[in-house]
Every structure is written in C-alpha cells, then in structure tokens.
Amino acid sequence: MKRVLFIDRDGTIIKEAPDEVINSFTKIEFLPNVFKYLRLIAEELDFELALVTNQDGLGTEFLPEEVFTPIHNLVMTSLKNENIHFKAEHIDKTFFFENAPTRKPQTGMLTGYMNNPEYDLAHSFVIGDRLTDVELAFNLGAKGIWINQGTTFGNNELSQKFEKLKEYIALETNDWKEIYEFLKAQ
Ligand SMILES: [Mg+2]
C-alpha cells in the first residue's frame, strides 16, 4: 500500500508572506532545514510526495499566472535539484468565499487517492501550517503534522476548531528535523 505526504507550500516549505500572497521573488524564503530533512524523507522513507496548496485567485488580477508560475517553478526546481521530487501538484485557484469543493480543507482535488484502494490514507499525513491542513487530514482519514509558527487562539472560533481537531494532530512542531525523526519512527 502506498503512503502519501500531502504537503502544503506556503508556511510549510517556504515562509508565509505577511499579506499571505507570494507574488514576488523577494517574498521567497525557505523554511530552515526544509531541504536537508525533506531530502532525507524523500530518499530514506517510503512516502509519495504530493503538494496541496490553495493559491487564492490564481489566474485573476489578484495573482496572475505569469506572476505565480516563475516563482512556483523556482520553488519546485530548487527542491528537485535537492532530489526532492513531488509526484503530484494539486493547486486550488479559488478564493475562500467561493466555497469550492477543491479548496483545502475540502478534498475535491484528492479524490483520486481516496477512491484508489492502493493508497493507505490512514497511515498518510498532511503537513501544513494551518488548522485547515489538519482538517484536510481529518477529511482524508489521514493524520496531520502541524507546523505551528506561533498560532495563538485569540478568537473563539479558532480555539473551538482546535479542540475539535487536536486528536488528529500526530505531531505539532516548527522544525523539519522533528518531522523527519517522527516519520522515520513510524
Ligand atoms: Mg500554508
């Protein structure tokens, strides 16, 4: 059976921008340790890598394809050059308010895994920096690895969501080294 790591991009591989849109090369900063440990994960462990990212308004004036694509290609080529190969990239282009079934935490882009008995989703993981990434794990029947870069639960809705989802968090960390060690121990 195949196990998958569904990996978010912004806030997980590269840092999230303050305005939450990566529309300039100047906003690219890779997370510490991501190259070294994602490479070890790719080389030593038996997981398929799949990128799953929401890119709000991709293809609109908010984030034109010609702005997004060269930046995204730089990120993915940098990983590839370190022997980190993603088998698939799932990029949702909608805005939050569109409520699309393809937008994380919904699973619309990932039904190919859910409907294929070759995939062992119960032993697969979603790695991401938001609770919606953990919620995606729940919706897939997988577990979440939550990269918490200092989320505080100021508002009630978020803290209620956390209470509901925390049992699906297999690991909470802000260090790729810990993610590697955790996965290796599985
Ligand atoms: Mg993210």
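Coordinates for the structure precede this section.
Fair warning: this is a prediction, and the values are worked out from it, not measured in the lab.

Caption draft 1: Seen up close, the pairing of strand S4 (residues 125-128). By the alternation rule, side chains of S4 split into Phe125 and Ile127 and Val126 and Gly128, which are all buried. In the sheet, strand S1 (residues 3-7) pairs with S4 via 3 bridges, with the strands oriented parallel. Residue Ile7 lies in a different strand from S4, and its bridge partner there is Ile127. When S4 meets strand S5 (residues 143-147), the two strands line up parallel, connected through 4 bridges. If you follow Phe125 over to S5, its bridge partner there is Lys143. Handedness of the crossover is the feature at issue here: the chain leaves S4, passes through helix H4 (residues 131-140), returns alongside S5, and the resulting connection is right-handed.

Caption draft 2: A look at H4. For H4, the tally of buried residues reaches 8 of 10 residues, placing the bulk of the element in the interior. Those residues of H4 that fall on the buried side of the exposure criterion are Leu131, Thr132, Asp133, Val134, Glu135, Leu136, Ala137 and Leu140. At its buried positions, H4 is contacted by helix H3 (111-114), S4, S5, helix H5 (156-165) and strand S6 (169-173). Positioned one or two residues after H4, Gly141 has a phi angle of 75 degrees, which is positive.

Caption draft 3: Inspection of helix H6 (residues 176-184) at higher detail. Turning to H6, its buried residues number three or more, namely Trp176, Ile179 and Leu183. Taken end-on, H6 shows its buried residues confined to a sector of 50 degrees, consistent with a single buried face. In the core, the buried residues of H6 are packed alongside helix H1 (34-44), S4, S5 and S6.

Caption draft 4: Quick look at the packing of H4 against H5. The contact between H4 and H5 brings their axes to 10 Å, and the two run at 35 degrees. H4 and H5 meet at a crossing whose hand is left-handed. Here Leu131, Val134, Glu135 and Phe138 of H4 come into contact with H5, specifically with Leu158, Lys161, Phe162 and Leu165. Class assignment of the residues belonging to the contact of H4 with H5 gives a composition of 6 nonpolar, no polar and 2 charged.

Caption draft 5: Expanded view of the pairing of S5. Most of S5 sits inside the fold, with 5 of its 5 residues counted as buried. Residues of S5 alternate between two faces, with Lys143, Ile145 and Ile147 on one and Gly144 and Trp146 on the opposite face, all of them buried. Pairing of S5 with S6, which is carried by 4 bridges, proceeds in the parallel orientation. If you follow Trp146 over to S6, its bridge partner there is Glu172.

Caption draft 6: Local environment of the sheet that holds strand S3 (residues 88-92). Pairing in this open sheet of 6 strands is parallel, and the strands run S3-S2-S1-S4-S5-S6 from one edge to the other. Because the sheet does not close on itself, it has two edges, and the strands there are S3 and S6. Averaged over all neighbouring strand pairs, the angle between strand axes comes to 20 degrees, with direction disregarded.

Rules of the game
Residues numbered from 1 in each chain as written. Predicted model: local features only at pLDDT ≥ 70, side-chain atom pairs only at ≥ 80, totals over all residues. Buried ≥ 20, exposed ≤ 12 C-beta atoms within 10 Å, placed from the backbone. Helix = DSSP H or I, 4+ residues; strand = E, 2+ residues; numbered from the N terminus. Pairing = 2+ DSSP bridges. Right-handed = clockwise from strand over helix to strand, strands pointing away. Contact = placed C-beta atoms within 7 Å. Arc of directions from axis to C-beta. Axes fitted to C-alpha atoms, helices over the stretch in contact; angles between N-to-C directions. Left-handed = near helix turned anticlockwise from the far one by under 90°. Nonpolar A, V, L, I, M, F, W, Y, C, P; charged D, E, K, R; others polar.

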